[in-house]
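Observations on chain architecture
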Amino acid sequence: MNRIKHLDNIRGIACLIVMISHIIASNSNIGKYANGCGKIGVWFFMILSGFFLMEQLKKDNFNVIDYYKKKLIRIYPSYLIILSFGIIIGSISFKDAYLNVLLIKGYAHLWYMPVIIKMYLIFPIFWYLYKLINNNKKYLFFLVIVF
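The rules behind each value
Residues numbered from 1 in each chain as written. Predicted model: local features only at pLDDT ≥ 70, side-chain atom pairs only at ≥ 80, totals over all residues. Heavy atoms only, no water. Salt bridge = Lys/Arg side-chain N within 4 Å of Asp/Glu carboxyl O. Helix = DSSP H or I, 4+ residues; strand = E, 2+ residues; numbered from the N terminus. Buried < 20%, exposed > 50% of the residue type's maximum accessible area, 1.4 Å probe, protein only. Phe/Tyr/Trp six-rings, centres within 6.5 Å; stacked < 30°, edge-to-face > 60°.

Let us look at the pattern of salt bridges. Per the stated rule, a full pass over the model turns up two salt bridges. When the shortest N-O distance is used, the salt bridge between Asp 8 and Arg 11 registers 3.0 Å. In this pair, Asp 8 and Arg 11 both sit in helix α1 (residues 5-25), three residues apart, roughly one turn of the helix. Judged by relative accessible area, Arg 11 falls into the partly exposed class, the value being 23%. The salt bridge involving Lys 105 is made with Asp 96; its shortest N-O contact spans 3.7 Å. For Lys 105, a relative accessible area of 41% gives the class partly exposed.

Now for the packing of aromatic side chains. Counting across every chain of the model gives five aromatic pairs. Ring plane angle 85 degrees and centroid distance 5.6 Å describe the contact between Trp 111 and Tyr 112, whose orientation is recorded as edge-to-face. Connected via pairs of aromatic rings, a cluster forms that spans Phe 45, Trp 111 and Tyr 112.

What follows is the structure, given as structure tokens:
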């Protein structure tokens, strides 16, 4: 897929919104006013991630196994290292790390990781639905009625 520069720019702005809100929230004087503002950046980032994932899934040569290897092998090992490091330095309990590994609960700033990994896990279902609908429009009618 060719890069879409203006969407990359929006994704960069979304990251900046999250970073700035975290920096401001750490200030005891004005932090209470910025608490929770980072979610706007997260919303933008999630929407754009979904768009880029669908563009990737629309390719004719899409392979589910390669997709899982690419996404999960790229993200999950580094996530496990961060969790292990958190246990070693004492900033995260073993129980919280265990819940993170199982993608049940994200601890503190790691809340995003179980969300994004679950999204990566279920996205091939949308690829399958896209292929099904693209090949036969009666499935689209069925999905609209059901949902």
